[in-house]
Amino acid sequence: KAGVTQTPRYLIKTRGQQVTLSCSPISGHRSVSWYQQTPGQGLQFLFEYFSETQRNKGNFPGRFSGRQFSNSRSEMNVSTLELGDSALYLCASSPGHTDSPLHFGNGTRLTVT
Amino acid sequence: QKEVEQDPGPLSVPEGAIVSLNCTYSNSAFQYFMWYRQYSRKGPELLMYTYSSGNKEDGRFTAQVDKSSKYISLFIRDSQPSDSATYLCAMSKYGQNFVFGPGTRLSVLP
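The rules behind each value
Once a new chain begins, its residue numbering starts again from 1 and follows that chain's sequence as written. Each chain takes a letter, starting from A, and each ligand takes a number, starting from 1, following the order in which they are written. Thresholds applied to this predicted model are a pLDDT of at least 70 for local features of residues and 80 or more for the giving and counting of side-chain atom pairs; totals over whole chains, interfaces and linings are not thresholded and use all residues. As a rule here, side-chain values come from all non-hydrogen atoms in the structure, and water together with hydrogens is ignored. Pairs of cysteine sulfur atoms within 2.5 Å are identified as disulfides in what follows. Helix and strand labels come from DSSP, where a helix needs a run of H or I of at least four residues and a strand needs a run of E of at least two; each type is numbered from the N terminus. Accessibility here uses a 1.4 Å probe with only protein chains present; expressed as a share of the type maximum, an area under 20% marks a residue as buried, one over 50% as exposed, and anything in between as partly exposed. Basic side-chain nitrogens of Lys or Arg form a salt bridge, by our definition, when they fall within 4 Å of a carboxyl oxygen of Asp or Glu.

(A) A look at the state of the cysteines. Tallied over the entire structure, the rule returns two disulfides over all chains. Disulfide partner of A:Cys23: A:Cys91, at an S-S distance of 1.8 Å. Its S-S torsion of about -55° marks the bond between A:Cys23 and A:Cys91 as left-handed, since a negative value means left-handed. Separated by 68 residues along the polypeptide, A:Cys23 in strand E3 (residues 19-24) and A:Cys91 in strand E9 (residues 87-94) bring together distant segments of the chain. Considered together, A:Cys23 and A:Cys91 belong to a single accessibility category, that of buried residues. Two residues, B:Cys23 and B:Cys89, share a disulfide whose sulfurs are 2.0 Å apart. Its torsion about the S-S bond being -100°, the disulfide of B:Cys23 and B:Cys89 is classed as left-handed. A residue pair is termed long-range when its members are at least 10 positions apart, and B:Cys23 in strand E3 (residues 19-25) and B:Cys89 in strand E9 (residues 85-92) qualify at 66 residues. Each of the two residues, B:Cys23 as well as B:Cys89, counts as buried.

Written out as structure tokens, the structure is:
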């Protein structure tokens, strides 16, 4: 079974630009979660989508948004990029049951200059 | 106080040693507990998952949960240089997102 696939692996953007990251979950998984990982803050939860609906949301500003498509693939968008948005963005999928563990992709490394 | 605390290390041990990695948490509502291993430039990889107090074993790995003390541990027996990575604990309440510890960096020296 193929794992979670994230594209692109690396991105360099300029302050003020916007960016879209993509995630393809494990086949059959209906839940997709997004996390931001930085050396100082560790893994911080952004949001979770289940069956195209946002089910949970973390404490990030509205510049961070996401969506999920009918095939469970998900995208995350960050608008008006700031230097502090430089991080590893991780996508994780699960079957969607409340106690299901998360399976992560290898992330997208975003650098904002 | 953070919800999940974990010693960041780095922790260095000789090959073959038993490694003990620990997390403490403050929220007694946490019910589900996981351990992940993360190699450099990779995503976290699920190692162990449990939801009850006590021990769970899988090969060289044993996960231990003590809900009364709000303390979880991961033991690695016969550690190998390939075990060198960052280990993250994670936990969640029913219906909520998982909260991660900051991770412990482990080096197993040949």
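(B) How the structure looks around the pattern of salt bridges. Residues and elements named next belong to chain B. Taken as a whole and assessed by the stated rule, the structure comprises nine salt bridges over all chains. As a salt-bridge pair, glutamate 45 and arginine 37 come within 3.1 Å of each other at their nearest N and O atoms. Each of Arg37, Glu45, Arg60 and Asp83 takes part in a single network of salt bridges with overlapping partners.

(C) Molecular detail of unusual backbone geometry. The linkage connecting A:Thr7 with the following residue, A:Pro8, adopts the cis geometry, with an omega of -10°. With respect to the helices and strands, the residue A:Pro8 is situated in the loop between strand E1 (5-7) and strand E2 (10-13). That bond from B:Gly9 to B:Pro10 is cis: its omega, 10°, falls within 30 degrees of zero. The topology assignment puts B:Pro10 in the loop between strand E1 (4-6) and strand E2 (11-14). Positive phi, normally seen in glycine, also occurs at A:Thr80, with a value near 45°. Residue placement: A:Thr80 occurs in the loop between strand E8 (74-78) and E9. Under the relative-accessibility criterion, A:Thr80 is labelled partly exposed at 48%.

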